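Understanding the architecture of this molecule
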Amino acid sequence: MNRVSSVAFRVVGTAIALFFGVSHIQAQAPPSPPPAQQADKDDKDDKEDKEDEDANPFAPEPAPALPAGMTGSDASDPRAKLTPGLYDAGEASMGIKHLTLVKKPGAFQLGASDPDDPKVQKMLGQLGMSKASKMPKPMQLVIAQLAFANSDLAFQGNHLFMGNFYGLSIYDISHPANATLLTSLVCPGGQGDPSVYKNLLFMSVEMPNGRLDCGVEGFPPEPPPPAGEEKKKKGPPAAQKDRFRGVRIFDISDIKNPKQVAAVQTCRGSHTHTLSVDPNDKDDVYIYVSGTSFVRQPEELAGCSGEKPDKDPNTALFRIDVIKVPLAAPQDAKVVSSPRLFIDPRTGAMNGLNNGGTHGKKGAEKPADTNQCHDITVYSAIGLAAGACSGNGIVLDIKDPIHPKRLDAVNDPNYSYWHSASFSNDGTKVLFTDEWGGGLGARCRPNDPNKWGADAIFNLKDNKLSFANYYKLPAAQGDSENCVAHNGSLIPVPGRDIEAQAWYQGGVSIVDFTDPAQPFEIAYFDRGPIDPNILVLGGEWSAYWYNGYIYASEIARGLDIFELTPTKFLTQNEIDAAKTVHVSELNVQNQQKIEWPAKLVVAKAYVDQLSRSQALPADQIAALQKAIQGAESSHMSRSSLAKLKGMAPSLEKSAAMGKSPADSVRLHALAGILKHPLM
């Protein structure tokens, strides 16, 4: 999905922005047909545009037949037939305990369920939708509700920051099962993705209703076109000096009263952003801005151009923006570079990547140029970033944070829209997600292929990506449940690569991708559809592990908080070992290297894994368990420590002949702990 249609931009914010319209962007323009054919083509385009405008993108669509050779999701899974409801839907879980749902604050709820409610028309007016009255009534209601959708999460200390298309909420999570709302910052503009660093909070703003002053009034609706010009292609909304699209910066020294200190404008706004820290620069942080929406006109922001590269080499397409933020003077933050990440090194053409052809709503689509990144995950500890860039997955060298350079790029005909990325902790794998349908569609039905809207796991060696396998939520979902791969993060279980991942109304799925060729689900949580007949946007936007718990941003309901429970796939020792990892701050797209303390509980997790994989004989496993238990019960007596240390050499020897690379790593790590254990 490398084109931006007049009916659907990216995900939710662009479902609203669609009414400001952008004409189709194709990879290659066909030669001009003769006048008669051109007239027929124009009539056909007008008809298709009219059909698009009249269509309700939120109406459930029956799943087509599975393509030959493809398999779909499991309709016999207990998650497949859960009862519907907003707050009383049926639930199913395995290996996850749902601790609490903190409902959305009133400031972020429309407060209307009737499309004729004046609140609906008021919100559509604030969004500048002059043609709202021509939309189907159910569609008007849904779009008004979308203006209050929850989005991404960030963490600092005992505080959780939840983005929303209407602003941001800050929660106190010092007691996760009893999390409480501290404050809500009303500041419309979508998508509201947050990140946090020390006393600074950053927020992405993309939609055209965003104002410099965070005002809720939006801008005046566009006047109707002159008679006879209704069919002209739509363009961006009229220029407004007070419009803001880019990255807001707040001072959160007073956590209950954030103060905006800067607002850095960008040509395409900020759909997402990534906070990057340079290990060699203690005075600044860097923000990688991924804009996916339309390009604003130069009358609103000087230097902006949405032309194709052959018409304007300074086009705002085919790039990201890098903002440098001086920590001592954040008000001086500014765009310092706009890297061309998609350039063809042989020809210098900036549109050097495309999706290689993919599947779309109306069938197979031709290759289309990649002109944007949706999300970038930086991993400063290894000097690399992984970009999910519409038609491609890319790897970047970020040692110079202002001038990231592309090292590799891949595409996949099963991928519709490369959405986000996670590295394995050792940096040898990358898990990319595919947001087929843009998050607005039901894409986990029994007839939806399990290679579409899935994760693609790649090995990463010598800065080159090689495909390993796909993973998709195994449980079938219904026609009214928006469901596709979305945001997740690593769970710090030592010796394994485990990702907690959101799937919108597919809930949360926990996947083990230690062996990238054989990923499998080890835990899950799911609810029934919000509505059994109409696709109401909802479900988990993000699911992230933070200091012992999984926090999920539920689009329609609020904040979900979970705790892992032991199963045959995950032991209590492994869960307890994961809980030994504590960080003071977490922005998931700024991935941190996980390091485990040399505690005996971590050693017990390794022993459980070696037992599960049968990497050691049963008697050796039993001896290790007994020795560790003896050290714990004796409070690390000298004799018990000597016994543990004496077991290390045989483990090192076994590591050299490990049954798998993962077992060899576990054996080495276990031996290291036994030599110098901590309680």
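Everything below is about the structure printed above this text.
I will try to describe carefully the structure that is included in this document.

What counts, and at which threshold
Residues numbered from 1 in each chain as written. Predicted model: local features only at pLDDT ≥ 70, side-chain atom pairs only at ≥ 80, totals over all residues. Heavy atoms only, no water. Helix = DSSP H or I, 4+ residues; strand = E, 2+ residues; numbered from the N terminus. Buried < 20%, exposed > 50% of the residue type's maximum accessible area, 1.4 Å probe, protein only. Phe/Tyr/Trp six-rings, centres within 6.5 Å; stacked < 30°, edge-to-face > 60°. Core = buried A, V, L, I, M, F, W, Y, C linked by side-chain atoms within 4.5 Å. Contact = heavy atoms within 4.5 Å. Pairing = 2+ DSSP bridges. Axes fitted to C-alpha atoms, helices over the stretch in contact; angles between N-to-C directions. Salt bridge = Lys/Arg side-chain N within 4 Å of Asp/Glu carboxyl O.

**Side note on unusual backbone geometry**
Omega for the bond connecting Gly190 with Gln191 falls within 30 degrees of zero, at 5 degrees, which places this linkage in the cis form. Tracing the chain through its elements places Gln191 in strand E7 (residues 191-197). Phi angles above zero are rare outside glycine, and Asn463 is one such case at about 65 degrees. Tracing the sequence through the fold places Asn463 in the loop between strand E23 (455-461) and strand E24 (464-471). Here Gln614, not a glycine, exhibits a phi torsion of approximately 60 degrees, which is positive. Along the chain, Gln614 falls in the loop between helix H6 (600-612) and helix H7 (618-633). Note on Gln614: relative accessible area 60%, which makes it exposed.

**A few points about the packing of aromatic side chains**
According to the stated counting rule, one finds 19 aromatic pairs in the structure shown. Residues Tyr379 and Phe423 carry aromatic rings whose centres are separated by 5.5 Å and whose planes lie at 55 degrees to one another, so their mutual orientation is tilted. Placement of the pair is Tyr379 in strand E17 (residues 375-379) and Phe423 in strand E21 (residues 418-423), with a sequence separation of 44 residues. You can call Tyr379 buried: its relative accessible area is 0%. Phe423 gets classed as buried once you look at its relative accessible area, which sits at 0%. Residues Tyr504 and Trp541 carry aromatic rings whose centres are separated by 6.3 Å and whose planes lie at 85 degrees to one another, so their mutual orientation is edge-to-face.

**Quick look at the nonpolar core**
Counting residues in each nonpolar core, the largest one holds 31 residues, and the members touching the most others are Leu110 and Met123. Within the residue set of this core, elements represented by two or more residues are helix H3 (118-126) and helix H4 (137-146). In terms of residues, this core owes the most to one element, H4, which gives six residues. Those residues within four positions of Leu110 in sequence are excluded, and the remaining contacts are Lys119, Val120, Met123, Leu141, Ala144, Gln145 and Phe148. Grouped together as the second largest cluster of nonpolar side chains are 27 residues, Leu616, Met647, Leu651 and Leu670 included.

**Considerations on the sheet that holds strand E6 (residues 180-186)**
An order of E6-E5-E4-E3-E32 is seen for the five strands of this open sheet, with the pairing classed as antiparallel. Lying at the two open borders of the sheet, with one neighbouring strand each, are E6 and strand E32 (585-586).

**Notes on the sheet that holds strand E13 (residues 321-326)**
Taken in spatial order, the four strands of this open sheet run E11-E12-E13-E14, and their pairing is antiparallel. Only two strands of the sheet have a single partner each, and these edge strands are strand E11 (272-276) and strand E14 (334-337). Each strand of the sheet is rotated relative to its neighbour by a mean of 35 degrees, with strand direction disregarded. As paired elements, strand E12 (residues 284-290) and E13 share six bridges and run antiparallel to each other. Bridge pairing in E13 links Val285 to Val325.

**What about the pairing of strand E29 (residues 540-546)?**
Among the seven residues in E29, seven count as buried, and that is most of the element. In this sheet, E29 lies alongside strand E25 (residues 487-491) in parallel orientation, the contact comprising two bridges. Of the residues in E29, the one forming a bridge with Asn487 is Ser542. Pairing geometry for E29 and strand E30 (residues 549-554), over six bridges, is antiparallel. Within E30, the residue paired with Ser542 across the bridge is Ser553.

**What about the pattern of salt bridges?**
Tallied over the entire structure, the rule returns 26 salt bridges. Residue Asp448 pairs with Arg445 through a salt bridge whose shortest N-O separation is 2.8 Å. Side by side, Asp448 and Arg445 carry an identical accessibility label, which is buried. Notably, a salt bridge pairs Glu574 with Arg496, separated by 3.0 Å at the nearest N-O pair. Highlighted residues: Glu574 in helix H5 (residues 572-578) and Arg496 in the loop between E25 and strand E26 (498-502), separated in sequence by 78 residues. Residues Glu574 and Arg496 agree in their burial class; the two are buried. Taken together, the salt bridges that share partners define one network made up of Arg211, Asp213, Glu217, Lys241 and Asp242.

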